[in-house]
Amino acid sequence: MSYIAVKGTHDIYGDEADGYSYIQTVFKAIAELYGYRGIETPVLEYTNLFERSTGESSDVVRKEMYTFLDKGERSVTLRPEGTAGVIRSIVEHKLYATSDMPLKVYYTGPVFRYERPQLGRYRQFLQAGVECVGEDSPYLDAECICLAMQTFSMLGFKNLKLKVNTLGDADTRKKYRAALQEFFATRIDDMCEDCKQRLKLNPMRILDCKVKEDQERVKDAPKMKDYLSPEAEERFYKTLSIINDMGIEYEIDDNLVRGLDYYGHIVFEVHALSDTGKDYGALAGGGHYDGMISTLGGPADYDAGVGFGMGVERVYSMMKDNGLLNDVAHKLDIYLMPIGESVMDECYELLENIRLIGYSAIMPFKVAKLGSMFKKAERSGAKFALIIGDEELEKGVAQLKNLATKEQKEVHLATLDEELDAAFDEIEEHGDDCDCPHCQEKKN
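Each α-helix turn comprises 3.6 residues. Residues three or four places apart therefore point the same way. Regarding helix H8 (residues 193-201), the residues found buried are Cys195, Arg198 and Leu199. In an axial view of H8, the angular spread of the buried residues amounts to 105 degrees, which keeps them on one side of the axis. Away from its buried face, by an angle of more than 90 degrees, H8 presents the exposed residues Glu193 and Lys200.

Laid out in structure tokens, this is it:
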């Protein structure tokens, strides 16, 4: 019997693990610039949390959740998205009463959806997201969009496409749903089974149908913009005015509704086409929501919120296609080379001291030929080789070789920290305009 990963899951290691780590590091750094702090919630929640907050008409709740009974016969679910758990935590711990509003948090972690695995998406995938709750303002909605766009910009993406729409306020949505029910009533018999269910539960979900024939029928459907209340319309265009002033280009997509029921007012998605021509769909999506806090038992005074989530797998796949991860893989600083068994003990002690200085370092723990060690050092991506034999040890020195330029010099063990610092500083001084032979060779 062979043992393989469950369908829709995958192992992350090597360069891919480095890429994931880099994406999350950039995301967290940008979120913190906007005043967000980290939060971690459990992967496992009681099922009614998602049924209550996410909405029974969403495909996530209807078809995609991993739900089962635990040993106490309680229905539990592997989280299918991040927002519900964050809001549950805020209500449970009464963070709205102990924190200044708005409360801004970011998170990263695995989520689970039982859907057909597709390009850049798995049944278990890593989601990174933010939530800003407790204060209602179009400036906060715009800021959330800015945060998302800034994250992708810092990751190196070009030619991003921001799609936006408004789902209006409660009164708007009530009138719009009635209009959609009337429109699709005479067309629904020819549409997919999912759309037939959506018509009963929430006809706005039909606009998000992925069946090609149904998408054609949707084109002539009523538009939300024709049913906006004056207040909702003013709110939408105020938000657009803010992001426009920030220099962010956008496209209004009348059929953008997002897949979860809690959204209202502005919703958005970030799209990009890879350099190889692959379309990964939305890299991130989110929007404004109302009623989440009170729905889960908190005070209605803090109901307003806005947030977005992005799938790290999709982002990684597109960055790889676009060559944005070439310099992200972990590079070892030093490969320590002991020449002979007699210096192994001293080299091992030196190895630990190098790490304490702050440089990543490894060494072979079996005697090896110098040529073999150099091959391993190059495969490891190490910047320097530090070579020590009996003669060097007796003199209190080592040979430090730059594996890129092949330049080698003698360094003193007594001042190794200072000499390593100087060697690495010299590497950093070589920028794009450097005229040294090594840098010119790399350019050519």
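Further remarks concern the pairing of strand E10 (residues 279-289). Burial within E10 is extensive, with nine of its eleven residues counted as buried. Where strand E9 (residues 263-273) and E10 come together, seven bridges link them in antiparallel fashion. Bridge pairing in E10 places Val267 opposite Gly287. The hairpin turn running from E9 into E10, its antiparallel successor, is five residues long, and Gly277 in that turn takes a positive phi close to 90 degrees.

Per-residue pLDDT for the protein chain has a mean of 90; in total, 93% of the residues score no lower than 70. A low-confidence stretch, residues 434-444 stays under pLDDT 50, and its non-local contacts, those more than four residues away or across chains, total ten contacts.

Ordered by their spatial adjacency, three strands build an open sheet running E2-E4-E3, and the pairing between neighbours is antiparallel. Two strands in the sheet have a free side with no partner beyond their single neighbour: strand E2 (44-46) and strand E3 (66-69). For this sheet, the mean angle separating the axes of adjacent strands, direction not counted, is 35 degrees. The sheet contact formed by E3 and strand E4 (residues 75-78) spans four bridges and is antiparallel. For Tyr66, the partnering residue across the bridge sits in E4 and is Leu78.

Bringing the sheet that holds strand E8 (residues 251-252) into the picture now. Strands sit in the order E1-E5-E6-E11-E10-E9-E7-E8 across an open sheet of eight strands; the sheet is mixed. Because the sheet does not close on itself, it has two edges, and the strands there are strand E1 (37-38) and E8. Here strand E7 (residues 161-166) pairs with E9 via six bridges, running antiparallel. Across the sheet, Leu162 pairs through a bridge with Val270, a residue of E9. Along the sheet, helix H1 (residues 14-33) contacts strand E5 (103-112), strand E6 (124-133) and strand E11 (305-311); its crossing angle with E5, the most-contacted strand, is approximately 160 degrees.

Before going further, it helps to spend a moment on the packing of aromatic side chains. The final tally for this structure, using the stated rule, is 13 aromatic pairs. Among the aromatic residues, those joined into a cluster by ring pairs are Phe27, Tyr106, Phe268 and Phe308. The aromatic ring of Tyr114 is capped on one face by Arg123, whose charged end is 4.1 Å from the ring centroid. Over the ring of Phe183 we find Arg187, and its NZ or CZ is 3.8 Å from the ring centre.

Let us now look at a positive patch on the surface. Residues Lys366, Lys375, Lys376 and Arg379 make up a contiguous surface patch of positive charge. Overall, Lys375 belongs to the exposed group, its relative accessible area being 54%.

Our focus in this paragraph is unusual backbone geometry. With omega at 0 degrees, the peptide bond leading from Met101 into Pro102 counts as cis. Turning to its location among the elements, Pro102 is positioned in the loop between helix H5 (95-98) and E5. One non-glycine residue, Lys94, lies in the positive phi region at around 50 degrees. Secondary-structure assignment places Lys94 in the loop between helix H4 (83-92) and H5. Assessed through its relative accessible area of 48%, Lys94 is described here as partly exposed. Phi is positive for His265, close to 60 degrees, though the residue is something other than glycine. Among the structural elements, His265 can be located in strand E9.

Conventions adopted
- Note on numbering: residues in each chain are counted from 1, in written sequence order.
- Totals for whole chains, interfaces and linings use every residue, but because this is a predicted model, local features are given only for residues with pLDDT of at least 70 and side-chain atom pairs only at 80 or more, for both listing and counting.
- Excluding hydrogens and water, the side-chain figures rest on all heavy atoms present in the structure.
- Burial classes follow relative accessibility: with a 1.4 Å probe on protein chains only, a residue under 20% of its type's maximum area counts as buried, one over 50% as exposed, and anything between as partly exposed.
- Secondary structure elements follow DSSP: runs of H or I no shorter than four residues count as helices, runs of E no shorter than two count as strands, and numbering proceeds from the N terminus.
- Along the arc lie the directions from the helix axis toward the C-beta atoms.
- Only strands joined by at least two bridges in the DSSP assignment are considered to pair.
- What pLDDT conveys is the predictor's confidence in a given residue, as a value from 0 to 100.
- Contact criterion: two residues are considered in contact whenever any of their non-hydrogen atoms come within 4.5 Å of each other.
- Orientation is described by lines fitted to C-alpha atoms, with helices fitted over the stretch in contact, and by angles between N-to-C directions that extend from 0 to 180 degrees.
- Centres within 6.5 Å are what make two rings of Phe, Tyr or Trp a pair, Trp counting through its six-membered ring; a difference in plane orientation under 30 degrees is then read as stacked, over 60 as edge-to-face, and the rest as tilted.
- The criterion is that NZ of a Lys, or CZ of an Arg, lies within 6 Å of the ring centre and within 35 degrees of the ring normal, and then a charge sits over that ring.
- Each patch is built from salt-bridge-free residues with over 30% relative accessible area, joining like charges within 9 Å and nonpolar side chains (Val, Leu, Ile, Met, Phe, Trp, Tyr) within 5 Å.
- Only the protein chains shown count as cover for residues, with accessible areas throughout obtained via the Shrake-Rupley method and a probe of 1.4 Å.
- Salt bridges, as used here, are contacts in which a Lys or Arg side-chain nitrogen is within 4 Å of a carboxyl oxygen on Asp or Glu.
- The convention is simple: Lys and Arg are positive, Asp and Glu are negative, and His and the chain ends are not counted.
- Just so you know, the charge point we use is NZ for Lys, CZ for Arg, CG for Asp and CD for Glu.

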